[in-house]
Amino acid sequence: MFLKFKLSNFVSILEEQEVSFTTYSYSKDIKHINNVACLVGANGSGKTNLLRGFLLFLGFGIKSYLPEYRSLFGIVPHFSASDKPSTFFVEWKHGDNRYTYEVSVLNQMVLHERLRRLSEKNSYKTIFVRNKNNFRLYDIKISKQDKTRISDRATLLSFLYEYGYIKSYQSGMLEPFENILSNIILSSNINPENADMKALNDIKERLKDNELYMALKKELEAVDTGIKDIVFQKTM
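Rules and cut-offs
- Residues numbered from 1 in each chain as written.
- Predicted model: local features only at pLDDT ≥ 70, side-chain atom pairs only at ≥ 80, totals over all residues.
- Heavy atoms only, no water.
- Helix = DSSP H or I, 4+ residues; strand = E, 2+ residues; numbered from the N terminus.
- Contact = heavy atoms within 4.5 Å.
- Areas by Shrake-Rupley, 256 points an atom, 1.4 Å probe, with all protein chains shown as cover.
- Pairing = 2+ DSSP bridges.
- Axes fitted to C-alpha atoms, helices over the stretch in contact; angles between N-to-C directions.
- Polar contact = N/O pair within 3.5 Å; in protein donor to acceptor, adjacent residues only side chain to side chain.
- Salt bridge = Lys/Arg side-chain N within 4 Å of Asp/Glu carboxyl O.
- Buried < 20%, exposed > 50% of the residue type's maximum accessible area, 1.4 Å probe, protein only.
- Phe/Tyr/Trp six-rings, centres within 6.5 Å; stacked < 30°, edge-to-face > 60°.
- Lys NZ or Arg CZ within 6 Å of the ring centre and 35° of its normal.

**Q** Could you give me a rundown of the overall build of the protein, with the residues and numbers involved?
**A** When its secondary structure is counted, the protein shows eight helices and nine strands. Partitioning the contacts of the protein with sequence separation of at least 6, the portion at a separation of at least 24 is 53%. Put simply, the protein shows about 15,000 Å² of open surface, and 49% of that area lies on carbon and sulfur atoms.

**Q** An account of the sheet that holds strand S9 (residues 134-137) is needed here, citing residue identities and associated values.
**A** On the basis of which strands lie adjacent, the open sheet formed by seven strands has the order S2-S1-S5-S6-S7-S8-S9 and antiparallel pairing. Looking at the sheet topology across the chains shown, the edges are occupied by strand S2 (17-20) and S9. The average angle at which neighbouring strand axes cross in this sheet is 10°, direction not considered. Here strand S7 (residues 109-118) runs beside strand S8 (residues 124-131); their pairing, made up of seven bridges, is antiparallel. Bridge pairing links His112 to Asn131 in S8. Along the sheet face, helix H1 (residues 47-63) touches strand S1 (2-8), S2, strand S5 (86-94), strand S6 (97-106) and S7 and points at about 105° away from the line of S1.

**Q** Lay out the side chain of Ser86 with the relevant residues and their values.
**A** Relative to the elements of secondary structure, Ser86 occurs in strand S5. Engagement of the side chain of Ser86 in a polar contact is seen with the backbone oxygen of Asn9, the distance being 2.5 Å.

**Q** Give a detailed account of the pattern of salt bridges, specifying residues and quantitative values.
**A** Taken as a whole, this structure holds seven salt bridges when the rule is applied. The shortest N-O distance in the salt bridge between Asp83 and Lys84 comes to 3.7 Å. Take Asp83: its relative accessible area is 55%, and that puts it in the exposed class. In this structure, Arg130 engages Glu113 in a salt bridge whose closest nitrogen and oxygen atoms are separated by 3.2 Å. Of this pair, Arg130 sits in strand S8 while Glu113 is found in strand S7, placing the two residues 17 residues apart along the sequence. The exposure class assigned to Arg130 is buried, which follows from its relative accessible area of 1%. For Glu113, a relative accessible area of 0% puts it in the buried group.

**Q** Describe the packing of aromatic side chains, listing the residues and the values that go with them.
**A** Tallied over the entire structure, the rule returns 14 aromatic pairs. Ring centres 5.9 Å apart and planes at 70° place the aromatic pair Phe10 and Phe88 in the edge-to-face group. Here Phe88 lies in strand S5 and Phe10 lies in the loop between S1 and S2, a separation of 78 residues in the sequence. Grouping aromatic residues by their ring pairs yields a cluster made of Phe2, Phe5, Phe10, Phe21, Phe54, Phe57, Phe88, Trp92, Tyr99, Tyr101 and Phe177. Sitting over the ring of Phe89, Lys6 keeps its end group 4.8 Å from the ring centre.

**Q** Describe the pairing of S9, with residues and values.
**A** Each regular strand carries side chains that alternate between the two faces of the sheet. Pairing analysis gives four bridges linking S8 to S9, with the strands arranged antiparallel. Residue pairing across strands places Phe128 opposite Leu137, the latter belonging to S9. Adjacent in sequence and paired antiparallel, S8 and S9 are bridged by two residues, among which Lys132 carries a positive phi angle near 55°.

**Q** Can you explain the side chain of Ser8? Please cite residues and give values.
**A** Summarising the element assignment, Ser8 is placed in strand S1. There is a polar contact of 2.4 Å between the side chain of Ser8 and the side chain of Thr87. Setting aside residues no more than four positions away along its own chain, Ser8 makes contact with Ile13, Leu14, Glu15, Glu16, Ser86 and Thr87.

Encoded structure:
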(Lines give C-alpha, C1' and ligand atoms only; values in the text may rest on other atoms or scores of the structure.)
Protein backbone atom coordinates (compact mmCIF):
# COMPACT_ATOMS: atom_id res chain seq x y z
CA MET A 1 0.00 0.00 0.00
CA PHE A 2 1.24 3.47 -0.86
CA LEU A 3 1.72 5.90 2.01
CA LYS A 4 3.02 9.06 0.34
CA PHE A 5 3.84 10.46 -3.09
CA LYS A 6 5.73 13.66 -4.00
CA LEU A 7 6.68 15.26 -7.30
CA SER A 8 8.06 18.53 -8.65
CA ASN A 9 8.74 20.13 -12.03
CA PHE A 10 6.31 17.96 -13.97
CA VAL A 11 4.17 19.51 -16.75
CA SER A 12 2.12 22.23 -14.97
CA ILE A 13 3.47 21.40 -11.49
CA LEU A 14 6.58 23.44 -10.70
CA GLU A 15 6.91 23.44 -6.90
CA GLU A 16 6.96 20.19 -4.94
CA GLN A 17 3.53 18.74 -4.24
CA GLU A 18 2.77 15.94 -1.80
CA VAL A 19 -0.12 13.48 -1.62
CA SER A 20 -0.65 11.45 1.55
CA PHE A 21 -2.56 8.18 1.39
CA THR A 22 -2.95 8.00 5.15
CA THR A 23 -5.33 9.44 7.72
CA TYR A 24 -4.34 10.30 11.26
CA SER A 25 -6.20 9.09 14.34
CA TYR A 26 -5.61 11.64 17.09
CA SER A 27 -7.37 9.52 19.70
CA LYS A 28 -4.99 6.58 19.16
CA ASP A 29 -2.01 8.59 17.84
CA ILE A 30 -1.61 6.29 14.82
CA LYS A 31 -1.93 6.54 11.05
CA HIS A 32 -4.28 4.49 8.88
CA ILE A 33 -3.96 3.81 5.16
CA ASN A 34 -6.87 5.13 3.10
CA ASN A 35 -8.73 2.60 0.98
CA VAL A 36 -10.26 5.46 -1.01
CA ALA A 37 -8.66 8.79 -1.96
CA CYS A 38 -9.86 11.65 -4.13
CA LEU A 39 -8.46 14.88 -5.53
CA VAL A 40 -10.48 18.07 -5.25
CA GLY A 41 -9.56 21.29 -7.03
CA ALA A 42 -10.57 23.87 -9.60
CA ASN A 43 -10.28 23.29 -13.36
CA GLY A 44 -6.69 23.74 -14.46
CA SER A 45 -5.31 23.38 -10.94
CA GLY A 46 -3.24 20.28 -11.78
CA LYS A 47 -5.37 17.33 -10.62
CA THR A 48 -4.91 15.38 -13.86
CA ASN A 49 -1.19 16.04 -14.00
CA LEU A 50 -0.80 14.88 -10.43
CA LEU A 51 -2.37 11.56 -11.39
CA ARG A 52 -0.38 11.46 -14.63
CA GLY A 53 2.81 12.06 -12.69
CA PHE A 54 2.02 9.25 -10.28
CA LEU A 55 1.29 6.73 -13.05
CA LEU A 56 4.21 7.79 -15.25
CA PHE A 57 6.54 7.58 -12.26
CA LEU A 58 5.39 4.03 -11.42
CA GLY A 59 5.76 2.96 -15.04
CA PHE A 60 9.11 4.65 -15.53
CA GLY A 61 10.29 3.16 -12.22
CA ILE A 62 9.82 -0.51 -13.12
CA LYS A 63 9.28 -0.61 -16.91
CA SER A 64 11.72 1.89 -18.42
CA TYR A 65 14.42 -0.74 -18.99
CA LEU A 66 12.25 -2.30 -21.71
CA PRO A 67 12.64 -0.36 -25.01
CA GLU A 68 9.06 -1.11 -26.07
CA TYR A 69 7.75 0.71 -22.98
CA ARG A 70 10.33 3.48 -22.66
CA SER A 71 8.67 5.83 -25.16
CA LEU A 72 5.41 5.67 -23.17
CA PHE A 73 6.92 7.21 -20.05
CA GLY A 74 8.17 10.57 -21.28
CA ILE A 75 8.81 12.87 -18.33
CA VAL A 76 7.91 16.45 -19.33
CA PRO A 77 9.15 19.29 -17.06
CA HIS A 78 7.36 22.57 -16.37
CA PHE A 79 7.81 24.94 -19.33
CA SER A 80 9.57 27.52 -17.13
CA ALA A 81 12.10 24.98 -15.77
CA SER A 82 12.86 22.79 -18.78
CA ASP A 83 16.58 22.81 -17.91
CA LYS A 84 15.97 21.41 -14.41
CA PRO A 85 15.20 17.81 -13.40
CA SER A 86 11.76 16.47 -12.60
CA THR A 87 11.73 14.71 -9.23
CA PHE A 88 9.53 11.95 -7.83
CA PHE A 89 9.32 10.23 -4.45
CA VAL A 90 7.11 7.47 -3.10
CA GLU A 91 6.82 5.71 0.25
CA TRP A 92 4.98 2.40 0.51
CA LYS A 93 4.41 -0.64 2.66
CA HIS A 94 4.37 -4.31 1.71
CA GLY A 95 3.70 -6.84 4.43
CA ASP A 96 5.73 -5.82 7.46
CA ASN A 97 8.28 -3.94 5.37
CA ARG A 98 8.33 -0.26 4.46
CA TYR A 99 10.25 1.34 1.58
CA THR A 100 10.99 4.66 -0.15
CA TYR A 101 12.08 5.23 -3.72
CA GLU A 102 13.12 8.50 -5.35
CA VAL A 103 14.30 9.46 -8.83
CA SER A 104 15.15 12.64 -10.72
CA VAL A 105 15.02 12.82 -14.53
CA LEU A 106 16.23 15.41 -17.05
CA ASN A 107 15.85 15.01 -20.83
CA GLN A 108 14.69 11.42 -20.24
CA MET A 109 17.99 10.60 -18.52
CA VAL A 110 18.20 9.42 -14.91
CA LEU A 111 20.30 11.81 -12.81
CA HIS A 112 19.64 10.43 -9.34
CA GLU A 113 17.96 7.38 -7.85
CA ARG A 114 17.71 5.82 -4.40
CA LEU A 115 15.85 2.87 -2.88
CA ARG A 116 15.62 2.47 0.90
CA ARG A 117 14.08 0.07 3.42
CA LEU A 118 12.98 0.82 6.97
CA SER A 119 15.24 -1.03 9.39
CA GLU A 120 14.38 -2.60 12.74
CA LYS A 121 15.85 0.53 14.36
CA ASN A 122 13.09 2.58 12.69
CA SER A 123 15.48 4.37 10.34
CA TYR A 124 15.78 3.97 6.58
CA LYS A 125 18.67 1.89 5.24
CA THR A 126 19.84 2.41 1.65
CA ILE A 127 19.47 -0.58 -0.67
CA PHE A 128 21.05 1.24 -3.61
CA VAL A 129 21.91 4.78 -4.64
CA ARG A 130 22.71 6.13 -8.09
CA ASN A 131 24.02 9.43 -9.42
CA LYS A 132 24.01 9.40 -13.24
CA ASN A 133 26.04 6.33 -14.26
CA ASN A 134 27.68 5.88 -10.87
CA PHE A 135 25.79 3.59 -8.53
CA ARG A 136 26.34 1.60 -5.38
CA LEU A 137 24.37 -1.44 -4.24
CA TYR A 138 24.42 -2.28 -0.55
CA ASP A 139 22.15 -5.32 -0.18
CA ILE A 140 21.96 -6.57 -3.78
CA LYS A 141 24.84 -8.15 -5.69
CA ILE A 142 24.83 -8.26 -9.49
CA SER A 143 27.27 -9.76 -11.97
CA LYS A 144 29.92 -7.70 -13.76
CA GLN A 145 28.29 -8.51 -17.08
CA ASP A 146 24.91 -7.22 -15.90
CA LYS A 147 26.47 -3.99 -14.69
CA THR A 148 27.29 -3.15 -18.32
CA ARG A 149 23.62 -3.49 -19.28
CA ILE A 150 22.47 -0.54 -17.17
CA SER A 151 21.27 2.41 -19.26
CA ASP A 152 21.14 6.09 -18.34
CA ARG A 153 17.69 6.23 -19.99
CA ALA A 154 16.26 3.58 -17.70
CA THR A 155 16.04 3.35 -13.95
CA LEU A 156 18.31 1.02 -12.04
CA LEU A 157 15.17 -0.20 -10.28
CA SER A 158 13.64 -1.33 -13.60
CA PHE A 159 16.85 -3.17 -14.52
CA LEU A 160 16.94 -4.98 -11.16
CA TYR A 161 13.24 -5.75 -11.53
CA GLU A 162 13.50 -7.18 -15.07
CA TYR A 163 16.56 -9.31 -14.30
CA GLY A 164 15.02 -10.82 -11.15
CA TYR A 165 17.33 -9.18 -8.62
CA ILE A 166 14.46 -7.47 -6.80
CA LYS A 167 12.52 -10.72 -6.56
CA SER A 168 15.58 -12.48 -5.14
CA TYR A 169 16.14 -9.67 -2.64
CA GLN A 170 12.55 -9.32 -1.41
CA SER A 171 9.78 -11.10 -3.27
CA GLY A 172 6.66 -8.99 -3.69
CA MET A 173 8.39 -5.75 -2.74
CA LEU A 174 7.11 -3.95 -5.85
CA GLU A 175 3.64 -5.50 -5.77
CA PRO A 176 1.91 -2.11 -5.19
CA PHE A 177 3.56 -0.82 -8.40
CA GLU A 178 2.49 -3.94 -10.31
CA ASN A 179 -1.09 -3.82 -9.04
CA ILE A 180 -1.70 -0.30 -10.32
CA LEU A 181 0.11 -0.77 -13.65
CA SER A 182 -1.82 -4.00 -14.31
CA ASN A 183 -4.99 -1.91 -14.55
CA ILE A 184 -3.55 0.41 -17.23
CA ILE A 185 -3.38 -0.24 -20.97
CA LEU A 186 0.10 0.81 -22.05
CA SER A 187 -0.19 2.04 -25.62
CA SER A 188 0.99 5.04 -27.59
CA ASN A 189 -1.41 4.40 -30.47
CA ILE A 190 -4.72 6.17 -31.00
CA ASN A 191 -7.30 4.46 -33.20
CA PRO A 192 -8.42 7.05 -35.77
CA GLU A 193 -11.75 5.23 -36.12
CA ASN A 194 -12.60 6.38 -32.59
CA ALA A 195 -11.66 9.98 -33.24
CA ASP A 196 -13.97 12.67 -34.51
CA MET A 197 -12.09 13.41 -37.72
CA LYS A 198 -14.52 16.13 -38.76
CA ALA A 199 -13.80 18.05 -35.56
CA LEU A 200 -10.04 17.56 -36.00
CA ASN A 201 -10.13 18.81 -39.56
CA ASP A 202 -12.15 21.83 -38.46
CA ILE A 203 -9.54 22.66 -35.83
CA LYS A 204 -6.77 22.22 -38.41
CA GLU A 205 -8.44 24.75 -40.71
CA ARG A 206 -9.00 27.27 -37.94
CA LEU A 207 -5.39 27.06 -36.78
CA LYS A 208 -4.17 28.25 -40.18
CA ASP A 209 -4.85 31.65 -38.63
CA ASN A 210 -1.40 32.22 -37.06
CA GLU A 211 -2.71 34.71 -34.48
CA LEU A 212 -5.31 32.21 -33.28
CA TYR A 213 -2.70 29.43 -33.30
CA MET A 214 -0.28 31.40 -31.10
CA ALA A 215 -3.06 32.40 -28.69
CA LEU A 216 -4.20 28.78 -28.30
CA LYS A 217 -0.63 27.54 -27.87
CA LYS A 218 -0.04 30.14 -25.14
CA GLU A 219 -3.20 29.05 -23.31
CA LEU A 220 -2.26 25.38 -23.51
CA GLU A 221 1.20 26.07 -22.07
CA ALA A 222 -0.35 27.97 -19.16
CA VAL A 223 -2.65 25.16 -17.98
CA ASP A 224 -2.18 21.50 -17.11
CA THR A 225 -2.40 19.85 -20.55
CA GLY A 226 1.31 19.10 -20.95
CA ILE A 227 0.99 20.20 -24.62
CA LYS A 228 3.85 22.35 -25.94
CA ASP A 229 2.94 22.49 -29.61
CA ILE A 230 0.18 21.58 -32.07
CA VAL A 231 1.10 19.67 -35.21
CA PHE A 232 -1.17 17.95 -37.75
CA GLN A 233 0.46 15.24 -39.83
CA LYS A 234 -0.52 12.02 -41.55
CA THR A 235 0.76 8.83 -39.89
CA MET A 236 1.06 5.36 -41.34
